[in-house]
Amino acid sequence: MPEIYVYAVEGRDLDQKRALIQEITAATVKHFKVAPETVMVQIIESPRHNKAKGGVLFSERDAVKS
């Protein structure tokens, strides 16, 4: 059973998550030659104040963009 974990900063809506999961599942089925029901995808979201890039929290990046 393939398991795929997606780590992301929070903020995507349910339709975006659903679409991503469907495409990841389809790619796994195609390339791993497995049935869709064996593919497990989990999205693990981090709050914007708990994740940083380049030493700057994502919550602070938003303030800089404004």
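Everything below is about the structure printed above this text.
It should be emphasised that the depicted structure is a prediction, and the values quoted were computed from it without experimental measurement.

### Details of the overall build of the protein
Scanning the protein from N- to C-terminus turns up two helices and four strands. What you see in the protein, going N to C, is helices and strands ordered as β-α-β-β-β-α. A principal-axis box enclosing the C-alpha atoms of the protein has dimensions of 45 × 20 × 15 Å. Expressed as a percentage of the 66 residues in the protein, the buried residues total 17%. Put simply, 60% of the contacts in the protein that link residues at least 6 apart link residues at least 24 apart. For the protein, the accessible surface area stands at approximately 5,100 Å², while carbon and sulfur atoms represent 55% of it.

### Observations concerning the pairing of strand β2 (residues 40–46)
Every other side chain in a regular strand lies on the same face of the sheet, so the side chains alternate between the two faces. Looking at chain direction, strand β1 (residues 3–9) and β2 are connected through seven bridges and run parallel. Counterpart to V6 in the pairing with β2 is I43. Crossover handedness for the path β1 to helix α1 (residues 14–32) to β2: right-handed.

### Focus: the pattern of salt bridges
In total, this model carries two salt bridges according to the counting rule given. Between D15 and R18 there is a salt bridge whose closest N-O contact spans 2.9 Å. In this pair, D15 and R18 are both assigned in helix α1, three residues apart and thus about one turn of the helix distant. Salt-bridge contacts for K17 lead to E45; the nearest nitrogen and oxygen are separated by 3.0 Å. Pair noted here: K17 is in helix α1 and E45 is in strand β2, with a separation of 28 residues, a long-range link. By relative accessible area, which is 22% here, K17 ends up partly exposed.

### Here we look at the packing of aromatic side chains
One pass over the full model with this rule turns up zero aromatic pairs. Between the NZ or CZ atom of R61 and the centre of the ring of F58, over which it lies, the distance is 5.6 Å.

About the criteria used
Residues numbered from 1 in each chain as written. Predicted model: local features only at pLDDT ≥ 70, side-chain atom pairs only at ≥ 80, totals over all residues. Heavy atoms only, no water. Helix = DSSP H or I, 4+ residues; strand = E, 2+ residues; numbered from the N terminus. Buried < 20%, exposed > 50% of the residue type's maximum accessible area, 1.4 Å probe, protein only. Contact = heavy atoms within 4.5 Å. Areas by Shrake-Rupley, 256 points an atom, 1.4 Å probe, with all protein chains shown as cover. Pairing = 2+ DSSP bridges. Right-handed = clockwise from strand over helix to strand, strands pointing away. Salt bridge = Lys/Arg side-chain N within 4 Å of Asp/Glu carboxyl O. Phe/Tyr/Trp six-rings, centres within 6.5 Å; stacked < 30°, edge-to-face > 60°. Lys NZ or Arg CZ within 6 Å of the ring centre and 35° of its normal.

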